[in-house]
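One-letter residues, chain by chain:
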Amino acid sequence: MHLSATEYGPYLQNEPSPLHTTTIVEKCTLKLVEDYKHMLCQATEPLSTFLEYITYGHMIDNVVLIVTGTLHERDVQELLEKCHPLGMFDSIATLAVAQNMRELYRLVLVDTPLAPYFSECITSEDLDDMNIEIMRNTLYKAYLEDFYRFCQKLGGATAEIMSDLLSFEADRRAVNISINSIGTELTRDDRKKLYSNFGLLHPYGHEELAVCEDIDQVRGVMEKYPPYQSIFSKLSYGESQMLDKAFYEEEVKRLCLAFEQQFHYGVFFAYMRLREQEIRNLMWISECVAQNQKSRVHDSVVFIF
Amino acid sequence: MAGQSQRLNVVPTVTMLGAMKARLVGATRGHALLKKKSDALTMQFRQILKKIVSTKESMGEIMKTSSFALTEVKYVAGDSIKHSVLENVKTASLKVRSKQENIAGVKLPKFEYFTEGETKNDLTGLARGGQQVQQCRAAYVKAIEVLVELASLQTSFLTLDAAIKTTNRRVNALENVVKPRLENTIIYIKAELDELEREDFFRLKKIQGYKKRALERQQAAAKQFSVEQSAEKVSLQKGISISSAHNFLSAAAHKDEDIIF
């Protein structure tokens, strides 16, 4: 087992064989969480707030998961087990008690750091009939914007590097939302509401993306921006499977660049993201091996450094 | 087997013979029809077997591709996408319906699937991996198609098997038990009837024989009588009654001791 040579060794050696891919992923994520907690313990302000910001994304996912689960009457314990460990917070179990969204907000979310995101973009009527995905994406948009503002406040090298990384994230989400909502019931206005207020594509790119109905149109829009042009040129016409992989590659490149400079908090962000990418690679490789598709391994492994 | 060619116990009359013959004809016709049915069913059986083999192979392939598509989804959209999809489900949107098909008289069940209701999951993975999710969904729908087909093929396989066994049993029973029995019964009845006829004939012949002999004796007696008569006549013309003399002689020999001649 090659993994035993790395730092993941002690986490995996207690597992009985045959080793299932999900177990590998679980254990690696556990290690990540422990490293994170270790860093958090030793951090002071404002680094600790920065570190916490990193986990808000996962918190949003967990909240959405529990809410949907409760709506469909699933067991709370099961749901709790399925949450991402990086996004756990104390009162998460009480989410299951709330019967509708207003109570949800009143009882639980008001205490969590996610509160401002809820109040900013969603009124209580919206909460009731909004589609879960839209809610998730609206929350994420608010989160990104908040994070962006926070980084600007920190100033200096952090602001520079983080704004670059965050704009990339925002743009990437915008592109994905446009592509994935082609042909669905998402209206153009809704689509526009999900785009963030910063990034390279704001505001003109967003306008154009909102009216796109086809992947080729999206490509046309993106090619006006040089950094994304190179990504899209790697894809042949009409093919979009590798788009996600191309985005991942680009993200990894930028994250690595963050390590070039010193004395800024961006390295932490980059570290966490790169660790997540590492876990993804591991999962991909182990699944390929488990399903006898070793030839596809190189399709999606992104090399870091 | 001991009682293999026994016959039925019947009264050997002509009507029974007619009845047995009718039953034999019925049995023969039934046997031919059942044999045809058995052949048709066996042919269907072989066809289904071939289809099952090919469907199983393709199912292996398809399951492989669909689970790989699932891996791609997990890679792109993060591991928890599985949970969010699962939580969003309320009712199944792909359902299976069963209906009956009639093949050579055997009712075989057949399954077909149909989509009911819309899934709300069109927007899953909106920010990342939506494409992969849709592709994975298509792959699994195809997998379900193949599985449903395989299920109906296998159930019809089992039903056909049972039907073929019963039909063959009936065919064999007719061939080896019912028909020989009927044939033996017919032979027996015919034999009995022949015997009766022979008896009658024999009796008739015997009686004829008696009558003939009786007639002959009568004729002989009559001839003797006429001969004697003519002799008597002649002797009477001569003055003596031979017959009475004869009578006298014979009678006297027995009755009168005094008269000594």
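Residues numbered from 1 in each chain as written. Chains lettered and ligands numbered in written order. Predicted model: local features only at pLDDT ≥ 70, side-chain atom pairs only at ≥ 80, totals over all residues. Heavy atoms only, no water.

### Considering the overall build of chain B
Next up, step 1: Within chain B one finds four helices and two strands.
Next up, step 2: Listing the helices and strands of chain B from first to last along the sequence gives α-α-β-β-α-α.
Next up, step 3: Taking all 261 residues of chain B together, the buried fraction comes to 26%.
Next up, step 4: The contacts of chain B with a sequence gap of at least 6 include a subset with a gap of at least 24, amounting to 75%. (Helix = DSSP H or I, 4+ residues; strand = E, 2+ residues; numbered from the N terminus. Buried < 20%, exposed > 50% of the residue type's maximum accessible area, 1.4 Å probe, protein only. Contact = heavy atoms within 4.5 Å.)

### Quick word on the packing of aromatic side chains
All names here are of chain A.
Next up, step 1: Within this structure, the stated rule accounts for eight aromatic pairs over all chains.
Next up, step 2: An angle of 10° between the planes, with centres 5.1 Å apart, marks the rings of Y53 and F147 as stacked. One end of the pair, Y53, is in helix α3 (residues 47-71); the other, F147, is in helix α8 (residues 132-154), with 94 residues separating them in the sequence.
Next up, step 3: Judged by its relative accessible area of 0%, F147 is buried.
Next up, step 4: Members of the aromatic cluster, joined through ring pairs, are F50, Y53, Y140, Y143, F147, F150, Y265 and F269.
Next up, step 5: Sitting above the plane of the Y140 ring, R173 keeps its charged end 3.7 Å from the centroid. (Phe/Tyr/Trp six-rings, centres within 6.5 Å; stacked < 30°, edge-to-face > 60°. Lys NZ or Arg CZ within 6 Å of the ring centre and 35° of its normal.)

### Topic: the confidence of the model for chain B
Next up, step 1: On average, residues of chain B score 82 in pLDDT, and 81% of them reach the 70 mark or higher.
Next up, step 2: Scoring of the predicted complex yields 0.67 for pTM and 0.72 for ipTM. (pLDDT = per-residue confidence, 0-100.)

### Details of the pairing of strand β2 (residues 106-115) of chain B
All names here are of chain B.
Next up, step 1: Looking at chain direction, strand β1 (residues 94-103) and β2 are connected through ten bridges and run antiparallel. Within β2, the residue paired with Q100 across the bridge is P109.
Next up, step 2: Between β1 and β2, which pair antiparallel and follow one another directly, the connecting turn spans two residues, one of which, A104, has a positive phi of 50°. (Pairing = 2+ DSSP bridges.)

### Some remarks on the environment of V53 of chain B
Next up, step 1: Here V53 of chain B shows up in helix α1 (residues 14-77).
Next up, step 2: For V53 of chain B, a relative accessible area of 47% gives the class partly exposed.

### Topic: the packing of helix α9 (residues 156-180) of chain A against helix α12 (residues 215-222) of chain A
Residue and element names in this part refer to chain A.
Next up, step 1: It is at 9 Å that the axes of α9 and α12 come closest, and there the two elements cross at 155°. Considered as vectors, α9 and α12 are oriented roughly antiparallel to each other. Remark: the crossing between α9 and α12 carries right-handed chirality. Residues V175, S178 and I179 of α9 form the contact with α12, whose participating residues are I215, V218 and M222.
Next up, step 2: For the contact of α9 with α12, the class distribution of residues is five nonpolar, one polar and no charged. (Axes fitted to C-alpha atoms, helices over the stretch in contact; angles between N-to-C directions. Parallel < 35°, antiparallel > 145°, perpendicular 65-115°, else oblique. Left-handed = near helix turned anticlockwise from the far one by under 90°. Nonpolar A, V, L, I, M, F, W, Y, C, P; charged D, E, K, R; others polar.)

### Points about the pattern of salt bridges
Residue and element names in this part refer to chain A.
Next up, step 1: Going through the model one piece at a time under the given rule, you end up with 15 salt bridges over all chains.
Next up, step 2: Notably, a salt bridge pairs D35 with K31, separated by 3.3 Å at the nearest N-O pair. Of the two residues, D35 and K31 are both situated in helix α2 (residues 21-41); the distance of four residues between them amounts to about one turn of the helix.
Next up, step 3: We classify K31 as buried; its relative accessible area is 7%.
Next up, step 4: Within the structure, one salt-bridge network assembled from shared partners comprises K31, D35, R275 and E278. (Salt bridge = Lys/Arg side-chain N within 4 Å of Asp/Glu carboxyl O.)

### Comments concerning α1 of chain B
Next up, step 1: Between its terminal C-alpha atoms α1 of chain B stretches 91 Å, which fits the 94 Å expected from 64 residues at 1.5 Å a residue.
Next up, step 2: Just beyond α1 of chain B, the residue with positive phi is G78 of chain B, at close to 85°. (Expected span 1.5 Å × (residues − 1).)

### Some remarks on helix α15 (residues 266-290) of chain A
All names here are of chain A.
Next up, step 1: Across its 25 residues, α15 extends 36 Å between first and last C-alpha, which sits within 8% of the 36 Å expected from 1.5 Å per residue.
Next up, step 2: Most of α15 sits inside the fold, with 18 of its 25 residues counted as buried.
Next up, step 3: Two residues or fewer past α15, N292 is found with a positive phi of approximately 60°.

### Observations concerning the nonpolar core
Next up, step 1: One finds F50, Y143, F147, M162 and F269 of chain A to be the most contacted residues of the largest nonpolar core, which totals 52 residues.
Next up, step 2: Of all the secondary structure elements, the ones that give two or more residues to this core are α2, α3, α8, α9, α14 (241-258) and α15 of chain A together with α1 of chain B.
Next up, step 3: In terms of residue count, the dominant contributor to this core is α3 of chain A (eleven residues).
Next up, step 4: Leave out the neighbours within four places in its chain, and F147 of chain A touches F50, Y53, I54, M162, L166 and F269 of chain A. (Core = buried A, V, L, I, M, F, W, Y, C linked by side-chain atoms within 4.5 Å.)

### Some thoughts on the environment of A258 of chain A
All names here are of chain A.
Next up, step 1: For A258, the position within the fold is in helix α14.
Next up, step 2: Along the chain, A258 and M162 lie 96 residues apart, while their C-alpha atoms are 8.6 Å from each other.
Next up, step 3: What A258 contacts, discounting residues up to four positions off in sequence, is I161, L165, H264, V267 and A270.

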